[in-house]
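Take a look at the letters that make up each chain.
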Amino acid sequence: MPVVSAVAAVHDRACGEPGALVAALVAMRALAAAGVAIEVEVPVIAARLQDLPAVLELATRAVPTLRALRLVVPRGTRWPRRWRRRRSTSWARASPPRSRAGHRARHRRAAAGDRRRPVLRGGGAPAAAARCASIRGAPPPSPGCAPVAACARCAVAAQCPGVPASYARAHGDRQVRPLAERPRALYEQRTTPRRRWDDAARAAARQVGLLVLRPTVHCNQDCTFCSANESTPNVWADPARMRREIARAARRGLERVSFSGGEPTLARELPGYVAIARRSGVRKIELVTNGVLLDRRARVDELARAGLTHAFVSLHGHDELVSRAVTRKEGDFARTMAAIGHLVDAGVLTVINHVVNARNARMLTRFVEVVHARFGGRVMISFAFVTPQYKALENIEIVPRLSEVRPHLQAAAWRALALGQPFVVGSRQGVPPCQLGPFEAWSDLLQLAHEAQAEDAPQKVQGPRCGACRYARYCTGVWRPYAARFGTDELEPVPGAPIGPAERDALLAHARRPPWGQPMSFDQVAPLWRRPDLEAAGPPVITDDAAPAPARILATTRPVRLLMIGSGRRARQLARAAAAAGGLAVTGVCSPHVDHAERGAFDGCPTFTDLAEALDRTRPDAVVIAAATPAHVATATAAIDAGVPVLIEKPVATTEAEAAALVAHAAARGVALMPAHNDRFAAGLEAFAAEAAGHDVTITRRSPAGAPDVPLAWSRPALYESLYHLVVLAHRVGGDELTVAHVQHAGDDRLGRLRAELTAPGGATVTIAWEVGATDDALIVTAAGRDAVAPARHWRRVGRDVAVDRGDGAPRARTPRGSDAALMLAAFRDAIRADGPAPVAAGDAVAVMRLTRLILDAMAAAGAPFVRPGSPRHASSRSLSRRYS
């Protein structure tokens, strides 16, 4: 929005409209409140008519979230002739106040801690005056601008459009000074500041001996934590360019070239690339692959003959079920295992890349056993922690805490030693040595210290105590998104004298068993590396993530027997909620991997891997389904066919059509099917929602930026699952026939603000307002009065505290009688005992899925960046993809 002056008389005269400045400020406030980003454009005029610092003060008072103050030089042809001379001032007269405005703008951003973009921007002015703007490439079309004489000697003449013709006519090249060299700030990328290289980082970069080259970033799997996207470097899809890059790498003397992706085997030219690298003198040629297209021996032999020496094969589960849950592809586990066997038989040194994440962390020991049984120690396992970037930010639930992974990783390491299975733990992938206990020598930290310091350091952060660690010189810490989410309290300094260059060389020179260079027992570890006290302690004892809740069984009646389908975190939470609710008993747990689950919440329960057997043996009164969403329909159908009521986690299916079919099937069989909409059971909310039905209602959610359910990237599936909870409440007060009237959103790299206005057939509106970045976590439901006189009513929850104001101005505190999940299970229990309808109708799940999808469709139509231009293409099995359509 344009603002000429902070003085109303000057601004209104320039705009030709009385009251224009006040109207502009009011409009800016309203637009900013609605989530619109505001930039103020200021035409630079004579200093006697304009105080630029005052304009900045006025604009930031009106809009504290002001994105930019854009200074432009007015072009005389756009103004009435009588205004031309007084509005086009010389740089000599405008520069002092302009400099003060820039100084004040920089201090405002510094005080706010925001370094993402400048407040002050320049336009229509020489580059010497536009010090806070970024310019790249050729200048944009700028009619009415042209270089003056001084521009011929300027270092940025190729990008600067010159000065307005009206300025040149009035002042010539006065105060237009050519720049002798390019100002660095003019050419820096604003979203990711240029890295500051020091001598240590330059020295580390010179010693890096590995170059990663990518023929593609596309993939034939769809891993939920993929660390490649359209911004990944060294992607050479053009064969001629790839061949040149291979030759250049060889001339630089690099000893190792790694072909990665995406999935590099999708490139038909891959054998040729390997052959060129071999002929160019590269000693080690590696392939990073999922192995799916190498399940035929002929393809592997072709690569081996071309010169392939190493393979790094991704395998993220010990069986088909775990593997497909991570890769979203059915049948690929067997193909990858076959490819590993072919590579080993062809003489290629093969390492299995096992990315540790929330879905496979508790099964690491079983993975070690399966790999050793299949390959007999002929391959090495590389344990890598999931990198919280790119797709992992869209599926943040896949990133566990290091403290949760640590006991499982150490237990797997002990088992590998016992079996003689080689392994290594990837430090660059996010596992610092302080998490390894007695297995510090199995970290690749010292081997890859140069690569980590040269490439990873800007993206990682150490904890406040890391300076006292013996590895402080080489360890770069944890990924910054991980630290932002979980903090750095888990990072504990490893005691001992600091390891310097001499100690590092001595440790790396210590004799170890070829070909892996990894120790196979503690006796092969250098004394400097050993931790005798931790070695003597033996394998860790793995416990559940929370103590089991004490069972509360009513003495007056038999408890309702539950069969739990699923053994993950949500299943354990529901088991503890069932114990807290009373009158419920979990009498069985069914999951393909129940033997690897933490048993605290299921202690003493029979376990099953087959659903039919579990139903037959336990004869439950009800089934609770807390398995992965793609398994919901099949498991619920089996329970319904057995005549057992079902409580099923949300969303009940991956598509609305599947959900509707499941609801119809339950109705036809006369079996209760209840979606787990536990949000409706918060203390006092159900009664308040019943009273609010038919009124205009606003549902406000304020979330801290680090809240667990706040998506960390623009991901439609992740936003769907978080938004679903708010739509549950909107549906409760608005009914099945709600439609989306209007949607607004804000946010750059992720959602910052969302406002969705929904309309009921009777004319009432339900508004969902979600604000990310608040200091507290609050949910507020406001029901408007029936007329202008009647007061509004509020239900408010901040943390665990609940208060209800029924319009009399006296909020009444409500004490929750248990968690939302416990209250939901209690209501489900009572319905089963009374043989009555489910407290939440099954059809509600379909209506909520539909409404959530419509809101996201409206956001996409309004420009929400769910799909990024040039993003990689991935392939997933249709039954495993999260479509929610």
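Residues numbered from 1 in each chain as written. Predicted model: local features only at pLDDT ≥ 70, side-chain atom pairs only at ≥ 80, totals over all residues. Heavy atoms only, no water.

Chemist: So what exactly am I meant to see when it comes to the sheet that holds strand β17 (residues 607-608) here?
Modeler: The pairing of strands in a sheet comes from backbone hydrogen bonds and takes either a parallel or an antiparallel form. Across the sheet, six strands lie side by side as β17-β16-β15-β18-β19-β20; this open sheet has parallel pairing. In this open sheet, the two strands that pair with only one neighbour each are β17 and β20 (673-675). Bridge count between strand β15 (residues 560-565) and strand β16 (residues 584-590): six bridges; the pairing is parallel. Across the sheet, residue Arg561 finds its bridge partner in β16, namely Ala585. The strands touched by helix α22 (residues 611-618) are β15, β16, β17 and β18 (622-625); relative to β15, the strand with the most contacts, the crossing angle is about 170 degrees. (Pairing = 2+ DSSP bridges. Helix = DSSP H or I, 4+ residues; strand = E, 2+ residues; numbered from the N terminus. Contact = heavy atoms within 4.5 Å. Axes fitted to C-alpha atoms, helices over the stretch in contact; angles between N-to-C directions.)

Chemist: Whenever I open this one, the packing of aromatic side chains confuses me. Can you help?
Modeler: For any pair of aromatic rings, the description rests on two quantities: the centre-to-centre distance and the angle between the ring planes. A full pass over the atoms with the stated rule returns 13 aromatic pairs. Pairing Tyr720 with Tyr724 gives two aromatic rings, centres 6.2 Å apart and planes at 45 degrees, and the pair type is tilted. Taken together, the residues Tyr720 and Tyr724, both in helix α26 (residues 716-734) and four residues apart, mark about one turn of the helix. Tyr724 sits in the buried class, given a relative accessible area of 2%. One aromatic cluster in this structure is built from Phe383, Trp414, Phe423, Phe439, Trp442 and Phe522. Positioned above the aromatic ring of Trp479, the side-chain terminus of Lys460 is 4.7 Å from the ring centre. (Phe/Tyr/Trp six-rings, centres within 6.5 Å; stacked < 30°, edge-to-face > 60°. Buried < 20%, exposed > 50% of the residue type's maximum accessible area, 1.4 Å probe, protein only. Lys NZ or Arg CZ within 6 Å of the ring centre and 35° of its normal.)

Chemist: Can you walk me through empty space enclosed by the protein in this structure?
Modeler: Where empty space is left can be seen by rolling a probe of water-molecule size over the atoms. Inspection of the entire model under this criterion finds nine cavities of 30 Å³ or more. The computed volume of the largest cavity comes to approximately 100 Å³. Forming the boundary of the largest cavity are 13 residues, of which Pro432, Cys434, Cys466, Cys469 and Cys475 lie nearest the centre. Partitioning the lining of the largest cavity into residue classes produces 10 nonpolar, two polar and one charged. (1 Å grid on protein atoms, 1.4 Å probe; cavity = no way out; pocket = protein on both sides within 12 Å on 5 of 7 lines; lining within 4 Å. Points joined across faces, edges and corners; volume = space filled by probe spheres on them. Nonpolar A, V, L, I, M, F, W, Y, C, P; charged D, E, K, R; others polar.)

Chemist: Help me understand unusual backbone geometry, please; the structure alone is not making it clear to me.
Modeler: Most peptide bonds are trans, and most residues other than glycine sit at a negative phi. Going from Gly261 to Gly262, the amide bond is cis rather than trans, its omega being 10 degrees. Secondary-structure assignment places Gly262 in the loop between β7 (256-259) and α10 (270-279). A cis amide bond links Lys650 with the next residue in sequence, Pro651, at an omega value of -15 degrees. Within the secondary structure, Pro651 sits in the loop between β19 (646-648) and α24 (656-669). The residue Asp835 is not glycine, and still its phi comes out positive at about 55 degrees. Asp835 gets classed as exposed once you look at its relative accessible area, which sits at 72%.

Chemist: Before we go on, may I ask you to explain the sheet that holds β7 in this structure?
Modeler: Judged by pairing direction, the sheet is parallel, and its seven strands sit side by side in the order β6-β7-β8-β9-β10-β11-β12 without closing on themselves. Two strands in the sheet have a free side with no partner beyond their single neighbour: β6 (210-213) and β12 (423-425). Pairwise comparison of adjacent strand axes, ignoring direction, gives a mean angle of 20 degrees for this sheet. Alignment of β6 against β7, held across four bridges, turns out to be parallel. From the neighbouring strand, Leu210 faces β7, where its bridge partner is Arg256. The strands touched by helix α13 (residues 332-345) are β9 (310-314) and β10 (349-356); relative to β9, the strand with the most contacts, the crossing angle is about 170 degrees. Docked against the sheet, helix α14 (residues 364-375) engages β10 and β11 (380-385), running at close to 160 degrees with respect to β10.

Chemist: For this particular structure, what's the right way to read the pattern of salt bridges?
Modeler: Two side chains bearing opposite charge may form a pair once their charged atoms approach each other closely. In total, this model carries 39 salt bridges according to the counting rule given. Between Glu535 and Arg530 there is a salt bridge; the shortest N-O distance is 2.6 Å. For Glu757, the salt bridge is made with Arg755, and the minimal N-O distance between the two is 3.7 Å. Judged by its relative accessible area of 35%, Arg755 is partly exposed. Within the structure, one salt-bridge network assembled from shared partners comprises Glu656, Arg716, Arg853 and Asp857. (Salt bridge = Lys/Arg side-chain N within 4 Å of Asp/Glu carboxyl O.)

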